[in-house]
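# Notes for the structure review
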Amino acid sequence: MDNFIKLNGVLHEQMVVSDATDDCCYVYDYGRAIAMIENAVVVISDLRQHHSRVFCGRFGLSLGVENDTAEPTIWEKKVLSCMSEQEQDAKFLAELRFYHYLKGLPKCQRVNRYLVAKLRMSNVDGEIIDVLHRMYYIYGADGSSIVFAICVYAPLVFDFVGKSVVVDSISGYQEELSDKTDNAILGRRETQVLSLIERGYTSAEIAEQLSISKHTVNRHRQEILAKLQVK
């Protein structure tokens, strides 16, 4: 679950402005309304207080999720339990890519984008079903801090190319998130170094593999940590 560790790290380590979006009632009203109107599961994660609220319609009941519940974590454990570990990892990877995609945009444009992804879940009868996952970030007054993350889960009623895409809510423009967007975050050499790190190579071994100095490897490591905002 490396992708969960990375995503959890960047979300918890960001500097959240304390007085941002103090009037947050509309966020929870939105969650209740969408759950009722769409029969969906809506998870609202408060990144200031590090807890979440779950609202669900009839679709949620088919997954075994209870309505209007609170959890002392930003992660929707009951919803995640409906997915295999592989599917959870794919979800976290899509959200991690979305987070870094937004970091590359001007602040004024970030609020216009949301994530759409395809997931597979098990219902209470043990059947595997296709689910459409939408995710929105609500930013604070500074335009940089993510105050709320809103996840909406509903049956997949339309298909699209790819596993996950970013949608511009104003123009309708869509962009697929894939390993190509990963490479946009990291340079070619940084991607090579990261790949070898993930395979367990030491800095000395990476230097030998790539025919570069250990000092250069360490510099690439620091650049990777800074760009991905992980420890």
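All of these numbers come straight from a predicted model, not from anything done at the bench. (Residues numbered from 1 in each chain as written. Predicted model: local features only at pLDDT ≥ 70, side-chain atom pairs only at ≥ 80, totals over all residues. Heavy atoms only, no water.)

### Regarding the overall build of the protein chain
A tally of helices and strands in the protein chain yields 10 helices and 8 strands. Evaluated residue by residue, the protein chain yields a buried proportion of 47% over its 231 residues. Of the roughly 11900 Å² of accessible surface on the protein chain, 52% is carried by carbon and sulfur atoms. (Helix = DSSP H or I, 4+ residues; strand = E, 2+ residues; numbered from the N terminus. Buried < 20%, exposed > 50% of the residue type's maximum accessible area, 1.4 Å probe, protein only. Areas by Shrake-Rupley, 256 points an atom, 1.4 Å probe, with all protein chains shown as cover.)

### Section: the pattern of salt bridges
Counted under the stated rule, the structure contains 10 salt bridges. Residues Asp159 and Lys118 are paired through a salt bridge, measuring 2.9 Å at the closest nitrogen-oxygen approach. Here the residue Asp159 occupies a position in the loop between β6 (146–155) and β7 (164–168), and Lys118 occupies one in strand β4 (residues 113–122), the gap between them amounting to 41 residues. (Salt bridge = Lys/Arg side-chain N within 4 Å of Asp/Glu carboxyl O.)

### Quick word on the confidence of the model for the protein chain
Model confidence for the protein chain is summarised by a mean pLDDT of 87, while 89% of its residues fall at 70 or above. The secondary structure element of the protein chain with the lowest average pLDDT is helix α7 (residues 179–185), at 62, and the one with the highest is β4, at 97. (pLDDT = per-residue confidence, 0-100.)

### Concerning helix α1 (residues 2–13)
Over its 12 residues, α1 runs 16 Å from end to end, which matches the ideal 16 Å to within 8%, given 1.5 Å per residue. Of the positions making up α1, those classed as buried are Asn3, Leu7, Gly9, Val10 and Leu11. (Expected span 1.5 Å × (residues − 1).)

### Some remarks on empty space enclosed by the protein
Summed over the entire model, instances satisfying the criterion amount to 2 cavities of 30 Å³ or more. The calculated volume of the largest cavity comes to roughly 80 Å³. Taken together, Leu11, Val43, Ser45, Leu47, Ile74, Trp75, Glu76, Lys91, Glu95, Met135, Ala149 and Cys151 make up the full set of residues lining the largest cavity. Looking at the lining of the largest cavity, the elements with two or more residues in it are β1 (41–46), α5 (85–103) and β6. In the lining of the largest cavity, the residues fall into 8 nonpolar, 1 polar and 3 charged. The computed volume of the second largest cavity comes to approximately 30 Å³. (1 Å grid on protein atoms, 1.4 Å probe; cavity = no way out; pocket = protein on both sides within 12 Å on 5 of 7 lines; lining within 4 Å. Points joined across faces, edges and corners; volume = space filled by probe spheres on them. Nonpolar A, V, L, I, M, F, W, Y, C, P; charged D, E, K, R; others polar.)

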